[in-house]
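Listed below are the residues making up each chain.
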Amino acid sequence: MQVKGALILNKKEQKTINGGNTGMQCRSHSDCSSLNGIPGFEHEEFFCFWGYCQIM
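As the structure is a prediction and not an experimental result, all values here were calculated from the model.

Calculation rules
Residue indices follow the written sequence of each chain, beginning from 1 at its first position. Residues qualify for local features only when their pLDDT is at least 70, as the model is predicted, and side-chain atom pairs are given and counted only at 80 or more; totals for whole chains, interfaces and linings, by contrast, use all residues. As a rule here, side-chain values cover all heavy atoms of the structure and leave hydrogens and water aside. Secondary structure elements follow DSSP: runs of H or I no shorter than four residues count as helices, runs of E no shorter than two count as strands, and numbering proceeds from the N terminus. Exposure classes here rest on a 1.4 Å probe applied to the protein chains alone. A residue is buried below 20% of its type maximum, exposed above 50%, and partly exposed in between. Here, residues are in contact when the closest pair of their heavy atoms is within 4.5 Å. Computed with the Shrake-Rupley method and a 1.4 Å probe, the accessible areas treat only the protein chains shown as cover for residues. Any two cysteine sulfur atoms lying within 2.5 Å of each other are counted as a disulfide. What is meant by a nonpolar core is a set of buried Ala, Val, Leu, Ile, Met, Phe, Trp, Tyr and Cys residues, joined one to another through side-chain atoms within 4.5 Å.

Asks: Looking at this structure, how should I read the overall build of the protein?
Replies: Each helix and strand counted, the protein has two helices and three strands in total. If you list the helices and strands of the protein from N to C, you get α-β-α-β-β. In the protein, buried positions account for 25% of the 56 residues. Excluding contacts between residues fewer than 6 apart, the proportion of contacts in the protein whose partners are at least 24 apart in sequence is 49%. Per element, the accessible surface of the protein, about 4,200 Å² overall, is 57% carbon and sulfur.

Laid out in structure tokens, this is it:
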């Protein structure tokens with residue numbers, strides 16, 4: 001996952017780009033909590049759905 005030069009987007013823009021699917025695979029919601037460490041995503045809520053982390 002490339003985070004260098006990531007743009008800070010609002011929730012609507014993020015969902016437009018990736019449908020809310022981060023592309024990161026997961027087995028539980030806790031697997032997605034590490035995404036909160038990415039600059040610009042600290043205040044997002046992530047959850048595991050269909051095996052991939054999603055943005056609320």
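Asks: In this structure, what is going on with the state of the cysteines? I would like to understand it.
Replies: Structurally, a disulfide amounts to a covalent bond that connects the sulfur atoms of two cysteines. Summed over the entire model, instances satisfying the criterion amount to two disulfides. Sequence-ordered numbering of the bonded cysteines in the protein gives a disulfide pattern of 1-3, 2-4.

Asks: Would you take a moment to explain the nonpolar core for this structure?
Replies: Considering soluble globular proteins, one finds that nonpolar side chains tend to be buried as a cluster. Core analysis: the biggest nonpolar cluster contains nine residues, these being C26, C32, L35, I38, F41, F46, C48, C53 and I55. Counting residues per element, the ones that place at least two in this core are β2 (46-49) and β3 (52-55). Apart from residues no more than four positions distant in its own chain, C32 is found in contact with C26, F46, F47, C48 and C53.

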